[in-house]
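Below are the chains, spelled out letter by letter.
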Amino acid sequence: MIRNLTLLGIGLLGTHVQSQTVLFTETFEQPSTTFTLNTTDAGSTAGGDNTWVINNAYTGGSGSIICLGFPFSFTVPTVAGQPGGITSPNGAYMHISSQAALNSGINCASFVAADGLCSNAGNHFARMSADVPTIGQTDVSLSFWWLCGGGTNNYGEVYYSTNSGSNWILIGNAPTQYRNQLAWVQQSITLPEFAGQATLRFGFRFVNGVTLAAQDPGFGVDDVIISAAGAPAATIATSAIIPNSYCAGSAIDIPFVANGTYDPGNVFTAQLSDASGSFVSPVVLGTLAATGSGTISGIIPGMTPAGSGYRVRVIASSPGITGLESTTTL
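The rules behind the values
Residues numbered from 1 in each chain as written. Predicted model: local features only at pLDDT ≥ 70, side-chain atom pairs only at ≥ 80, totals over all residues. Heavy atoms only, no water. Helix = DSSP H or I, 4+ residues; strand = E, 2+ residues; numbered from the N terminus. Salt bridge = Lys/Arg side-chain N within 4 Å of Asp/Glu carboxyl O. Buried < 20%, exposed > 50% of the residue type's maximum accessible area, 1.4 Å probe, protein only. Polar contact = N/O pair within 3.5 Å; in protein donor to acceptor, adjacent residues only side chain to side chain. Contact = heavy atoms within 4.5 Å. Pairing = 2+ DSSP bridges. Core = buried A, V, L, I, M, F, W, Y, C linked by side-chain atoms within 4.5 Å. Axes fitted to C-alpha atoms, helices over the stretch in contact; angles between N-to-C directions. Disulfide = S-S within 2.5 Å.

Draft legend 1. The arrangement of unusual backbone geometry in detail. In this model, Ile242 is joined to Pro243 through a cis peptide bond whose omega is -5°. In this fold, Pro243 is placed in the loop between β16 (235-238) and β17 (251-259). A cis geometry characterises the amide bond from Ser318 onward to Pro319, with omega recorded as 5°. The residue Pro319 is located in the loop between β21 (312-317) and β22 (320-322) in this model. Positive phi, close to 55°, is recorded for Asn38, a residue that is not glycine. Structurally, Asn38 can be placed in strand β4 (residues 35-39). Although it is not a glycine, Ser164 adopts a positive phi angle of roughly 65°. By secondary structure assignment, the location of Ser164 is in the loop between β11 (154-161) and β12 (169-170).

Spelled out as structure tokens, the structure:
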């Protein structure tokens, strides 16, 4: 926001993401969105001189504000139009607006540069309202379009939470501060911490410090997408069983190799075929709660008939996978 002290006549001064799996998307085109605006997370305030809003306003304008008993006039520039890569170009978007600008009927992205005269420093947070689970996913990415004029003390930040928003972690070096960008660009962030989470969320914060050097627009965000490369195919192979001769009622160890991703709470179960090697009615030998390779300790049922064609296989509960039969005939 550019302001003039009229009483005294003194001037005061990306790459598109391709993915196999889209886990979450928010274009801000619907009245009810998946974001909660102006929360107190990460040391932010729910009120103040700036506020998060969602609308499709891009046109700037002029307004006035009373500060220290004197009238100030200000001008808000028009926000840059959106490129074709955005789902609904020049549609609704989430952004910071100066409360003074809103009071003057100017609804586009703007902010009050806290010059020590007419505004106070303050941080403003907008966060996802629900969790996105990424268990079993790989290469989880957050992408979004953004712009922000800002300055050294006025910039946007991006946070993530892995516990439903109870704690927030600043995403650094991606960049750490979102500023000095007057045209829309797309940002994509991929971190190992995003994968394998049951309660992943993201949030955006605008930091408004005291400064004399800052420029509009305020922090604006659109087309928020969480995507993943997808989970690798899960497979189970039953290893060789040694020895290969057992009596009914004997203990047996079944080693297996599990590839891919298995959910917490998964249970591997070793099954025994009938004497002809058929698994039409398998018998359970033993189980193991695990998410990776291991050895299942089992027991040959006491009433198992004698035979020389028994086979063993291992299945998983989550995801439901039926493993390859052992190469060993018992």
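Draft legend 2. Broad picture of the pattern of salt bridges. Taken as a whole and judged by the stated rule, the model has three salt bridges. Residues Arg127 and Asp41 are paired through a salt bridge, measuring 3.0 Å at the closest nitrogen-oxygen approach. Separated by 86 residues along the polypeptide, Arg127 in strand β9 (residues 122-128) and Asp41 in the loop between β4 and β5 (50-55) bring together distant segments of the chain. Taken individually, Arg127 and Asp41 each receive the classification buried, so the pair is uniform in this respect. In this structure, Glu157 and Arg205 form a salt bridge, with 2.8 Å as the shortest nitrogen-oxygen distance.

Draft legend 3. Up close: the side chain of Asn55. In this fold, Asn55 is placed in strand β5. In this structure Asn55 comes out as buried when scored by relative accessible area, which is 18%. Only 3.1 Å separates the side chain of Asn55 from the backbone nitrogen of Ala57, close enough to count as a polar contact. A polar contact is formed between the side chain of Asn55 and the side chain of His95, at a distance of 2.8 Å. When neighbours within four sequence positions are excluded, Asn55 is seen to be in contact with Gly91, Ala92, Tyr93, His95 and Asn107.

Draft legend 4. Summary view of the pairing of β5. Most of β5 sits inside the fold, with five of its six residues counted as buried. Relative to strand β8 (residues 93-98), β5 runs antiparallel, the two being bridged by six bridges. Each residue of the ladder has a partner; that of Ile54, found in β8, is Met94.

Draft legend 5. Expanded view of the pairing of strand β18 (residues 267-272). By the criterion of burial, β18 is predominantly enclosed, with five of the six residues buried. Pairing geometry for β18 and strand β19 (residues 283-289), over six bridges, is antiparallel. Paired with Leu272 across the strands is Val283, a residue of β19. In this structure, β18 lies alongside β21, joined through five bridges in antiparallel fashion. When the bridges of β21 are listed, Thr269 appears paired with Ile315.

Draft legend 6. Up close: the nonpolar core. If you look at the biggest cluster of nonpolar residues, it comprises 32 residues, and the most contacted ones within it are Phe144, Phe202, Phe204, Phe219 and Val224. Of all elements in the fold, only β8, β9, β10 (141-148), β11, β13 (181-190), β14 (201-208) and β15 (220-228) reach the threshold of two or more residues within this core. Setting aside residues no more than four positions away along its own chain, Phe204 makes contact with Phe35, Trp52, Met94, His124, Phe125, Ala126, Phe144, Glu157, Val158, Phe219, Val221 and Val224. Ranked by size, the runner-up nonpolar core spans 21 residues in total, among them Phe268, Ala290, Ile300 and Leu330.

Draft legend 7. Local environment of the sheet that holds β17. With antiparallel pairing, three strands are arranged side by side in an open sheet as β16-β17-β20. Looking along the sheet, the strands with just one partner apiece sit at the ends: β16 and β20 (294-299). Here the average twist between neighbouring strands, direction ignored, is 30°. Bridge analysis of β16 against β17 gives four bridges, and the strand direction is antiparallel. By the bridge assignment for β17, Ile236 is matched with Ala258.

Draft legend 8. Broad picture of the state of the cysteines. Per the counting criterion, the structure on display carries zero disulfides. In this model Cys108 remains outside any disulfide bridge; the closest cysteine sulfur is found in Cys148, 13 Å from its own.

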